[in-house]
Amino acid sequence: MYRILPLLGDAGLGILSIVFVSHWYSVSNMYAFLLLPLAFAPDLDAIVELRRRGKVAASAENPSDHRELLHKPILWMLVTGAWWYFGGFYGAVAFVLVTMHFVHDSVLTGWGVPWLAPFSKVRMKFFASEANQESLARKDWIRTWKPKDLHKAIVAHGNENWIRDLYLRPTTVSIVEYGVFALSLIALLWHLLA
Ligand SMILES: [Zn+2]
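None of these values were measured; they are calculated from a predicted model. (Residues numbered from 1 in each chain as written. Predicted model: local features only at pLDDT ≥ 70, side-chain atom pairs only at ≥ 80, totals over all residues. Heavy atoms only, no water.)

### Observations regarding the coordination of the zinc ion
Donor atoms from the polypeptide that coordinate the zinc ion comprise D43 (OD), H71 (NE2), H101 (NE2) and D105 (OD), at 2.0 to 2.2 Å from the metal. With four donor atoms in place around the zinc ion and angles of 87 to 168 degrees between them, the coordination shape is irregular. Ordering the donors of the zinc ion by residue number gives the pattern D-x27-H-x29-H-x3-D. Residue H71 is found in the loop between helix 2 (46-53) and helix 3 (73-87), and its partner H101 is found in helix 4 (residues 89-105); the two are separated by 30 residues along the sequence. Both residues of the pair, H71 and H101, count as buried. (Donors = N, O, S within 2.8 Å, 3.2 Å for Na, K, Ca; no water. Tetrahedral: all angles 85-135°; square planar, octahedral: opposite > 155°, others 65-115°. Helix = DSSP H or I, 4+ residues; strand = E, 2+ residues; numbered from the N terminus. Buried < 20%, exposed > 50% of the residue type's maximum accessible area, 1.4 Å probe, protein only.)

Rendered as structure tokens:
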């Protein structure tokens, strides 16, 4: 069951996004929360790997990362941006939800996001060392991997048990992600009571 722990970060950011846009638009109904699944939507393709291997991990054992098919930020942002332009509030919620998913995928866990897909497959990640550890060193602020470099890096540094190693003990990842989730519950309570 601990394998669902990485979803807490997306859930937390999703809830914060909805509360934020609701206040921005002064909307107090709860229907916007029906859009929360959009916070996870780009990861839907991971279900294929989950069913095949019982886990989702890029490593020497499985040197491929699922963030290909649906991790195309420009397309998601164009579609939800159009929804925002023509539809207002709910489109704004959708836009912020999907954008925050990709921002979240660009730090801490995983192998970055191909921000320019479908035009480029280069992965981008922020604050990550060559071994894909979080790092604030100037040279690590923006890390990029071309497809063949990504494959090599995954073989060299991918961790088959990343969820156990990062989420079941105090790490930067667990502290930040659980913190965001806890903050989102406080914001949700405040939103419900305000
Ligand atoms: Zn993702």
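Having put the structure on the table, let's press on.
### Re a nonpolar patch on the surface
On the surface, M30, L189, L192 and L193 cluster together to form a nonpolar patch covering roughly 420 Å² of accessible area. Within the secondary structure, L192 sits in helix 7 (residues 172-193). (Patch = residues over 30% accessible without salt bridge, like charges linked within 9 Å, V, L, I, M, F, W, Y side chains within 5 Å. Areas by Shrake-Rupley, 256 points an atom, 1.4 Å probe, with all protein chains shown as cover. Salt bridge = Lys/Arg side-chain N within 4 Å of Asp/Glu carboxyl O.)

### Remarks on empty space enclosed by the protein
Once rolled over the atoms, a probe with the size of a water molecule shows which space is left empty. Counted under the stated rule, the structure contains two cavities of 30 Å³ or more. Reported here for the largest cavity is a volume of approximately 50 Å³. Forming the boundary of the largest cavity are Y2, R3, K55, V56, E160, N161, W162, I163 and R164. In the lining of the largest cavity, the residues fall into four nonpolar, one polar and four charged. Counted as a void, the second largest cavity has a volume near 30 Å³. Lining the second largest cavity, in full, are D10, L13, G14, S17, A39, L97, M100 and H101. Mapped onto the lining of the second largest cavity, the elements with two or more residues apiece are helix 1 (7-24) and helix 4. Element by element, the count of residues in the lining of the second largest cavity is highest for helix 1, at four residues. Considering only residue class, the lining of the second largest cavity consists of four nonpolar, three polar and one charged. (1 Å grid on protein atoms, 1.4 Å probe; cavity = no way out; pocket = protein on both sides within 12 Å on 5 of 7 lines; lining within 4 Å. Points joined across faces, edges and corners; volume = space filled by probe spheres on them. Nonpolar A, V, L, I, M, F, W, Y, C, P; charged D, E, K, R; others polar.)

### Concerning unusual backbone geometry
The amide bond that connects A117 to the next residue, P118, takes the cis arrangement and shows omega of 5 degrees. Mapped onto the fold, P118 is located in the loop between helix 4 and strand 1 (123-126). Located in the positive-phi region is S26, a residue other than glycine, with phi close to 50 degrees. Of note, S26 is situated in the loop between helix 1 and helix 2. Relative accessible area serves as the criterion here: at 66%, S26 is assigned to the exposed category.

### So, the environment of I186
Mapped onto the elements of the fold, I186 is located in helix 7. Overall, I186 belongs to the exposed group, its relative accessible area being 58%. Along the primary structure I186 and L16 are separated by 170 residues, whereas in three dimensions their C-alpha atoms are 9.5 Å apart.

### Concerning the layout of surface pockets
The computed volume of the largest pocket comes to approximately 980 Å³. What lines the largest pocket is a set of 43 residues, among which P6, V56, T109, W162 and I163 lie closest to the centre. At the level of elements, helix 1, helix 2, helix 4, helix 6 (162-167) and helix 7 are the ones that each hand at least two residues to the lining of the largest pocket. Residue composition of the lining of the largest pocket, grouped by class: 20 nonpolar, 11 polar and 12 charged.

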